[in-house]
Amino acid sequence: MPSLTTTQFDTIIVGAGSAGCVLANRLSADPARQVLLLEAGGSDNWHWLHIPVGYLFAMGNPRADWCYSLTPQAGLNGRTLPYPRGRVLGGCSAINGMIYMRGQSQDYDNWQLPGWSWQEVLPRFRRSENYFAGANEFHGAKGELRVEEQRLKWDILDAWQQACTDYGIPPCQDFNTGNNEGVGLFHVNQINGVRCSANRAFLKPVRQRKNLTVATGVMVDKLVWEGSRVVGVDTIANDKPQRIRSAGQVILSAGAVSSPCILQRSGVGGETQLQQAGIVCKRKLEGVGGNLQDHLQIRVQFRVDNAVTLNCLNRSWLGKAKMGLEYLLKRSGPLSMAPSQLGAFFKSDESLQTPNLEYHVQPMSADQLGIKLHQFPGITASVCNLRPSSRGRVDITSADPAQPPRIDPNYLSTADDQKVAARSIEITREISRQHSARQFNPVEIKPGPQLRTEAELARAAGDIATTIFHPVGTCKMGTDNDQLAVTDAQLRVRGFDNLYIADASVMPTITSGNTHAPLVMIAETLAEILA
């Protein structure tokens, strides 16, 4: 590895997550460009980062997770929540739910930014994709990111899928054509039952390139800039500070939590927030850290009869042994499963143009996400508002990069979000009463059938909802007349010539689904711009 302090790199990429791995791959394809990829976390050489069900062991473990926590949420009745963020090569793609979901075409059209319409971003989605069914007008088959069908089946999920159809949600074979309305099985980023993270897909195949340097265990403290140019980054590695120089671009791909924090520690942001953290404001950009959006899932749970669920298999050593043996021999079964197998996109109100609700249905139930499942057969129909109107913030609390940031999504803070939450619980109950589901005699255990009014259900949502870990928007892109825009449509930070951001923070509004696939597309877009 070349010396980080004496080598002058053409491009420095901060963060080896979903976008950073793509950018390292694409930009280092030019042998004349010296590329440095910095990752604060470590290697992914841990088996639970590759076995799909390993997310249960990775989240909350400092080996792979920053282990952040939210501020107490008024909309969650004062509760706080753990907030996993990937701390490893691959970033959150190493610990996420592996669901490949682009969102809806209107998500991108509604950004109303040049270069970001659905028709313009679709080729970039296709470029990175290796789709199990081959190439067609919506999918690519020559990319690095493998997209596969899931490798297990549950009778209880088949019945719930039919119950959704009975309720009026049409079947859907492919959620990634721009219209994701319907019910069906999620496609996942796996290769033969093994997680396909951004590191495995994009970074590992090119690590041998002589012009690509990958450094782990290096935390970026702040940017070094002169006038309108960033000339390097101040970092900490092995408890020692070091300055790394850049002759070209610096790209922040540290995620919707960390990218705004790096800007704030560099003196870029809102005056009030910087003053509170003891930072001198050197470049005023009020939008840094604001506009935080996230998907909140309301975990409606049912006890069922006459059904095998993961609860049943997990409660005995024999069941666990069978699951382990099936995965060892076939790379299938419960150890190969994403957190959610069955999905549905539908409307809380038929007056809406596109679906605003998403189901993640799981053949399991527990008091909280983890490996301690209920002793009885159960399922969870998690439902989230795809386009919440609540907005929050991410801010540093001091100049010390080792101090965790203040993360406040401000969940359920608007009347509209509360109304949609209550209605989503009502719809879930209606689906549970359909003929196809009644054969399993579902009995609601959360939030509880005694809660009936809109106010009761909205409050109950605050008691049982958790994040799906989709923070976006904290360095949003926008037009010149948008005073809260941090980057322009070319992903360049306002007021700088060579500083770019490519991660979930640049989304003006959250996409209607899981966010990993859009982040890969965003990285493909910046790679095009910088080529």
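The rules behind the values
- Residues numbered from 1 in each chain as written.
- Predicted model: local features only at pLDDT ≥ 70, side-chain atom pairs only at ≥ 80, totals over all residues.
- Heavy atoms only, no water.
- Helix = DSSP H or I, 4+ residues; strand = E, 2+ residues; numbered from the N terminus.
- Rg over C-alpha atoms; globule rule 2.2 N^0.38 Å.
- Buried < 20%, exposed > 50% of the residue type's maximum accessible area, 1.4 Å probe, protein only.
- 1 Å grid on protein atoms, 1.4 Å probe; cavity = no way out; pocket = protein on both sides within 12 Å on 5 of 7 lines; lining within 4 Å.
- Points joined across faces, edges and corners; volume = space filled by probe spheres on them.
- Nonpolar A, V, L, I, M, F, W, Y, C, P; charged D, E, K, R; others polar.
- Polar contact = N/O pair within 3.5 Å; in protein donor to acceptor, adjacent residues only side chain to side chain.
- Contact = heavy atoms within 4.5 Å.
- Axes fitted to C-alpha atoms, helices over the stretch in contact; angles between N-to-C directions.
- Parallel < 35°, antiparallel > 145°, perpendicular 65-115°, else oblique.
- Salt bridge = Lys/Arg side-chain N within 4 Å of Asp/Glu carboxyl O.
- Patch = residues over 30% accessible without salt bridge, like charges linked within 9 Å, V, L, I, M, F, W, Y side chains within 5 Å.
- Areas by Shrake-Rupley, 256 points an atom, 1.4 Å probe, with all protein chains shown as cover.
- Phe/Tyr/Trp six-rings, centres within 6.5 Å; stacked < 30°, edge-to-face > 60°.
- Lys NZ or Arg CZ within 6 Å of the ring centre and 35° of its normal.
- Core = buried A, V, L, I, M, F, W, Y, C linked by side-chain atoms within 4.5 Å.
- Pairing = 2+ DSSP bridges.
- Right-handed = clockwise from strand over helix to strand, strands pointing away.
- Disulfide = S-S within 2.5 Å.

Q: Could you clarify how one ought to interpret the overall build of the protein in this entry?
A: For the protein, the count of helices and strands is 14 helices and 24 strands. Over its C-alpha trace the protein gives a radius of gyration of 22 Å, about what one expects of a compact globule, namely 24 Å for 531 residues. In terms of overall dimensions, the protein has C-alpha extents of about 70 × 50 × 45 Å along its principal axes. Buried positions account for 62% of the 531 residues belonging to the protein.

Q: Honestly, the layout of surface pockets in this entry has me stumped. Any pointers?
A: Empty space among the atoms becomes apparent when a probe as large as a water molecule is rolled across them. A volume near 510 Å³ is recorded for the second largest pocket. Contributing to the lining of the second largest pocket are 26 residues, with Leu81, Pro82, Gln368, Leu369 and Thr466 lying nearest its centre. Put simply, the parts of the chain that give the lining of the second largest pocket at least two residues each are α2 (55-58), β4 (82-83), β16 (296-303), α13 (454-464) and β23 (465-467). Per-element accounting of the lining of the second largest pocket gives the leading share, three residues, to β16. Grouping the constituent residues of the lining of the second largest pocket by class yields 13 nonpolar, seven polar and six charged.

Q: Hey, could you run me through the side chain of glutamine 150 in this one?
A: Summarising the element assignment, glutamine 150 is placed in the loop between β6 (145-147) and α5 (155-167). The exposure class assigned to glutamine 150 is buried, which follows from its relative accessible area of 16%. Within the local environment of glutamine 150, its side chain forms a polar contact with the backbone oxygen of phenylalanine 186, the two atoms lying 3.0 Å apart. Every residue in contact with glutamine 150, bar those within four places of it in the chain, is listed here: Phe186, Val188, Ala338, Ser340 and Gln341.

Q: Quick question: what am I supposed to make of empty space enclosed by the protein here?
A: Applying the stated rule across the entire model yields three cavities of 30 Å³ or more. What the largest cavity holds in volume is close to 170 Å³. Surrounding the largest cavity, 19 residues form its lining, Leu296, Asn385, Pro388, Leu412 and Asp417 being those nearest its centre. Of all the secondary structure elements, the ones that give two or more residues to the lining of the largest cavity are β16, β19 (378-385) and α11 (415-432). The residue inventory of the lining of the largest cavity, partitioned by class, reads twelve nonpolar, five polar and two charged. Residues that form the lining of the second largest cavity fall into these classes: five nonpolar, three polar and one charged.

Q: What exactly am I supposed to notice about the packing of helix α4 (residues 118-128) against helix α14 (residues 516-530) here?
A: Packed helices, taken two at a time, are described by the angle between their axes plus the distance between the axes. Relative orientation of the contacting elements α4 and α14 amounts to 105°, with a least axis distance of 9 Å. The pairing of α4 with α14 is recorded here as roughly perpendicular in orientation. Contacts between α4 and α14 involve Val121, Arg124, Phe125, Arg127 and Ser128 from the former and Ala517, Pro518, Val520, Met521, Glu524, Thr525 and Glu528 from the latter. Looking at the contact of α4 with α14 residue by residue, the class counts come to six nonpolar, two polar and four charged.

Q: Please clarify how the pattern of salt bridges should be interpreted in this entry.
A: Side chains bearing opposite charge may pair, as long as their charged atoms lie close to each other. Inspection of the entire model under this criterion finds 21 salt bridges. Between glutamate 148 and arginine 146 there is a salt bridge, with its nearest N and O atoms 3.1 Å apart. With a relative accessible area of 7%, glutamate 148 lands in the buried category. Linking lysine 222 and aspartate 221 is a salt bridge whose minimum nitrogen-to-oxygen distance equals 3.1 Å.

Q: Looking at this structure, I do not really get a nonpolar patch on the surface. What am I missing?
A: Where nonpolar side chains cluster on the molecular surface, the patch consists of Leu325, Leu328 and Leu329 and spans about 340 Å² of accessible area. When you line up the elements, leucine 329 lands in helix α10 (residues 317-330). Exposure remark for leucine 329: the relative accessible area of 64% places this residue in the exposed category.

Q: Is there a simple way to explain the packing of aromatic side chains in this structure?
A: Here the distance between the centres and the angle between the planes together describe a pair of aromatic rings. Taken as a whole and assessed by the stated rule, the structure comprises 13 aromatic pairs. Judged by centre distance (5.6 Å) and plane angle (50°), the rings of tryptophan 160 and phenylalanine 302 are tilted. Note that tryptophan 160 is positioned in helix α5 and phenylalanine 302 in strand β16, a separation of 142 residues in sequence. Residue classification places tryptophan 160 among the buried residues on the basis of a relative accessible area of 2%. Relative accessible area serves as the criterion here: at 1%, phenylalanine 302 is assigned to the buried category. Among the aromatic residues, ring-to-ring pairing joins Tyr108, Trp111, Trp116, Trp118 and Phe125 into one connected group. The aromatic ring of tryptophan 317 is capped on one face by lysine 320, whose charged end is 4.7 Å from the ring centroid.

Q: Explanation requested: the nonpolar core in the structure shown.
A: Nonpolar side chains tend to gather and get buried jointly when the protein is soluble and globular. Within the largest apolar cluster, 80 residues are counted, with the highest numbers of intra-cluster contacts made by Trp116, Leu223 and Leu263. Considering every element that reaches this core, the biggest residue donor is α14, with nine residues. Residue contacts for leucine 223: discarding those within four places in its chain leaves Val230, Gly232, Val233, Val250, Leu252, Ile262, Leu263, Ser266 and Leu499. Residues Tyr55, Ala94, Leu335 and Phe346 belong to the second largest nonpolar core, which totals 78 residues.

Q: Would you mind showing me how to read the packing of α5 against α11 here?
A: Close contact between α5 and α11 brings their axes to 8 Å; oriented N to C, the two are set at 110°. Classified by the angle between their axes, α5 and α11 sit roughly perpendicular to one another. In this structure, α5 contributes Trp160, Ala163, Cys164 and Tyr167 to the contact, and α11 contributes Arg423, Ile427, Thr428, Glu430, Ile431 and Ser432. Looking at the contact of α5 with α11 residue by residue, the classes come out as six nonpolar, two polar and two charged.

Q: Please explain the pairing of strand β1 (residues 8-14) as it appears in this structure.
A: Where burial is concerned, most of β1 is hidden: five out of the seven residues are buried. Strand direction decides the pairing type here: β1 and strand β13 (residues 240-252), joined by six bridges, are parallel. Pairing of phenylalanine 9 across the sheet is with serine 246, part of β13. Assessed by its sense of winding, the connection that carries the chain from β1 through helix α1 (residues 18-27) to strand β2 (residues 35-39) is right-handed.

Q: What's the story with the state of the cysteines in this structure? I'm lost.
A: Under the defined criterion, the tally for this structure stands at zero disulfides. Of all cysteine sulfurs, the one in cysteine 261 lies closest to cysteine 475, which takes part in no disulfide; the gap is 9.0 Å.

Read these as spatial facts, not as claims about activity.
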